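Coordinates in review
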Amino acid sequence: MFGDNLDRIVKAIEKNYEADEIFFTKPGLEFPDKDIIQEMIARLRRVIFPGYFGEEMLSPKTSPQYFIGELLIRIERALREQVMIALTYCDGRCKNSVPQEDIERRTAEICTAFFDELPVVQRKLLTDVQAIYDGDPAAQSKEDVIFSYPGLYAIFVYRLAHVLYKLEVPFIPRIMSELAHSQTGVDIGAGAEIGEYFCIDHATGVVIGETTKIGDHVKVYQGVTLGALSLRGGQRLSGVKRHPTIEDNVTIYSNASVLGGETVIGEGSVIAGSTFVTFSVPPHSRVAVKAQEISVRGPNERD
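An account of the accompanying structure is given in this report. As the structure is a prediction and not an experimental result, all values here were calculated from the model.

**Some words on the packing of aromatic side chains**
On inspection of all chains with the given rule, the structure shows 10 aromatic pairs. For the pair Phe31 and Tyr89, a centre-to-centre distance of 4.7 Å together with 35° between the ring planes defines the contact as tilted. One end of the pair, Phe31, is in the loop between helix 1 (2-16) and helix 2 (34-48); the other, Tyr89, is in helix 3 (residues 65-93), and 58 residues separate them in sequence. Ring centres of Phe31 and Phe171 lie 5.5 Å apart, and the angle between their planes is 80°; this geometry places the pair in the edge-to-face category. Of this pair, Phe31 sits in the loop between helix 1 and helix 2 while Phe171 sits in the loop between helix 6 (150-166) and helix 7 (172-184), and the two are 140 residues apart along the sequence. In this structure Phe171 comes out as partly exposed when scored by relative accessible area, which is 31%.

**Some remarks on a negative patch on the surface**
Together, Glu30, Asp33, Asp35 and Glu81 make up a negatively charged patch on the protein surface. For Asp35, the position within the fold is in helix 2.

**Description of the sheet that holds strand 3 (residues 199-200)**
If you trace the five strands from one edge of the open sheet to the other, you get 3-6-9-12-14, paired in parallel fashion. The open sheet has two free edges, formed respectively by strand 3 and strand 14 (286-287), since each of these has just one partner strand. Two elements, strand 3 and strand 6 (residues 219-220), share two bridges in a ladder whose sense is parallel. Counterpart to Ile200 in the pairing with strand 6 is Val220.

**Considerations on helix 2**
Because each turn of an α-helix spans 3.6 residues, side chains separated by three or four positions end up pointing in the same direction. In this model helix 2 runs 21 Å from its N-terminal to its C-terminal C-alpha over 15 residues, within 8% of the 21 Å that 1.5 Å per residue would give. Of all the positions in helix 2, only Ile37, Met40, Ile41, Leu44, Arg45, Val47 and Ile48 are classed as buried. The buried side chains of helix 2 occupy one side of the element, clustering within an arc of 160° when seen end-on.

**Observations regarding the sheet that holds strand 5 (residues 213-214)**
Spatial ordering of the open sheet is given by 2-5-8-11, a layout of four strands whose pairing is parallel. The sheet is open, and its two borders are formed by strand 2 (193-194) and strand 11 (264-265), each paired with just one other strand. Two strands pair when backbone bridges link them, and strand 2 and strand 5 are joined in this way by two bridges, in the parallel orientation. In the strand pairing of strand 5, Ile194 is matched with Ile214.

**Structural notes on the pattern of salt bridges**
Counting across every chain of the model gives 11 salt bridges. A salt bridge links Glu109 to Arg106, with the shortest nitrogen-to-oxygen separation between them at 3.8 Å. Here Arg106 and Glu109 lie together in helix 4 (residues 100-135), a separation of three residues that amounts to about one turn. Residue Arg159 is joined to Asp128 by a salt bridge in which the shortest nitrogen-to-oxygen separation is 2.7 Å. Of the two residues, Arg159 sits in helix 6 while Asp128 sits in helix 4, which places them 31 residues apart along the sequence. Considered together, Arg159 and Asp128 belong to a single accessibility category, that of buried residues. Through salt bridges with shared partners, one network takes in Arg105, Arg106 and Glu109.

About the thresholds
- Residues numbered from 1 in each chain as written.
- Predicted model: local features only at pLDDT ≥ 70, side-chain atom pairs only at ≥ 80, totals over all residues.
- Heavy atoms only, no water.
- Phe/Tyr/Trp six-rings, centres within 6.5 Å; stacked < 30°, edge-to-face > 60°.
- Helix = DSSP H or I, 4+ residues; strand = E, 2+ residues; numbered from the N terminus.
- Buried < 20%, exposed > 50% of the residue type's maximum accessible area, 1.4 Å probe, protein only.
- Patch = residues over 30% accessible without salt bridge, like charges linked within 9 Å, V, L, I, M, F, W, Y side chains within 5 Å.
- Areas by Shrake-Rupley, 256 points an atom, 1.4 Å probe, with all protein chains shown as cover.
- Salt bridge = Lys/Arg side-chain N within 4 Å of Asp/Glu carboxyl O.
- Lys, Arg positive; Asp, Glu negative; His and termini not counted.
- Charge placed at Lys NZ, Arg CZ, Asp CG, Glu CD.
- Pairing = 2+ DSSP bridges.
- Expected span 1.5 Å × (residues − 1).
- Arc of directions from axis to C-beta.

In structure tokens form, the structure reads like this:
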């Protein structure tokens, strides 16, 4: 019976709490709050795309300064708190002795740099909206893209997370990426470098690795993987470029895999669906699988 075994099970789990990875052995430390980060993303979405995801009624002729300022104050307060938690945790985890005022100073620098970058992020996202609209005849309008398309949402979260990644903020960029991943099925590493006019069509099952480099006017379809050729090196590969480079004006069709840190897909190339590419191709190439054969039988035909 469970009751007879409970004491033994409790003692075994308690013993496991001695492991270095178990959080409860680190008093005074905590992780960033995913719910707060999710709310922060939602508010940033309202700032960048006003009128789509809130009750505000704005137009270019109105004066939106109060709306923008009030939301940014709330976002800054949440971001400051979560960044400080993340920095404090890593400081304590590494057993450093950084004074609290230094963590506060670093937090303030990160927040300032992040908000300074917001107008740039917004401008890039507008190019992504245009790319998705131009590339999808099913899109009824750019408003439709902003309000409805999961691919744009995944790109939106990535562009915000990437700023924090470059500022070397622990935990939070990964949390943001995984929140978008869970909602869209698109997994974009926060460290990836992605140019303007980026389009993910039929966004699901897309994987873009942390060290991927993508140029401008690139379009990828569902199921595309831009990944590592091998991860057997484990943590020794941390910081090493292990994902491909995709140059400008490349299209990669559904379920294609492009792998390897030394793999470069040249400008203007097209990668056909279901291909497995582990080598570089020159500009304006067409990469496809040869000798595929499709057989169709009628209902009264035999083998």
